[in-house]
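Remarks on the overall topology
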Amino acid sequence: MYAYHIFVCTNQKSGVGDDVAKTFKKELKKQDLKKLLSAGKKRKNRVQTTGCLDVCKHCKKGNGAAVVFYPENIWYGDVLPKDVADIVAEHLGEGRPVQRLRLE
């Protein structure tokens with residue numbers, strides 16, 4: 001069971017989604033958030049690349065990638081590798097979604 005399952009769209013021609021996914025994996029390790037304590041058990045955070053998430057306005061036609069966090073069903077759009085450290089620190093570390101990137 002995962003604490004968070006993070007899906008990153010890689011359906012862009014630029015390859016930014018792959019870069020975002022790699023950066024998520026690095027930041028989880030760097031910020032020591034690869035595993036979280038949840039309900040008394042350590043649970044992993046998983047980064048998964050995926051095809052189209054059907055929010056192309058904020059992904060394939062934008063500059064960045066679409067990202068969705070489960071189980072919360074929180075969506076981010078136009079995510080660039082430089083945004084990932086903020087998302088990991090704020091969303092996973094502090095429990096606060098990053099509003100400037102959030103999709104409603």
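Structure shown above.
Structural notes, computed from the coordinates. As the structure is a computational prediction, the values presented were derived from the model and not from experiment. (Residues numbered from 1 in each chain as written. Predicted model: local features only at pLDDT ≥ 70, side-chain atom pairs only at ≥ 80, totals over all residues. Heavy atoms only, no water.)

Turning our attention to the packing of helix α1 (residues 16-30) against helix α2 (residues 81-94). Between α1 and α2, the shortest axis-to-axis distance is 9 Å and the interhelical angle comes to 45 degrees. By the angle between their axes, α1 is oblique relative to α2. In the crossing of α1 with α2, the sense of the turn from one axis to the other is right-handed. Taking contact as the criterion, the partners of V16, D19, V20, T23, F24, E27 and L28 in α1 are, on α2, P81, V84, A85, I87, V88 and L92. (Axes fitted to C-alpha atoms, helices over the stretch in contact; angles between N-to-C directions. Helix = DSSP H or I, 4+ residues; strand = E, 2+ residues; numbered from the N terminus. Parallel < 35°, antiparallel > 145°, perpendicular 65-115°, else oblique. Left-handed = near helix turned anticlockwise from the far one by under 90°. Contact = heavy atoms within 4.5 Å.)

Summed over all chains, the structure comprises four aromatic pairs. Residues F7 and Y70 carry aromatic rings whose centres are separated by 5.9 Å and whose planes lie at 80 degrees to one another, so their mutual orientation is edge-to-face. Of this pair, F7 sits in strand β1 (residues 2-9) while Y70 sits in strand β4 (residues 65-70); the two residues are 63 residues apart in sequence, bridging distant segments of the chain. The exposure class of F7 is partly exposed, given its relative accessible area of 21%. In this structure Y70 comes out as partly exposed when scored by relative accessible area, which is 34%. In this structure an aromatic cluster arises from ring pairing among Y4, F24, F69 and Y76. (Phe/Tyr/Trp six-rings, centres within 6.5 Å; stacked < 30°, edge-to-face > 60°. Buried < 20%, exposed > 50% of the residue type's maximum accessible area, 1.4 Å probe, protein only.)

In short, shape yes, function no, at least from these values alone.
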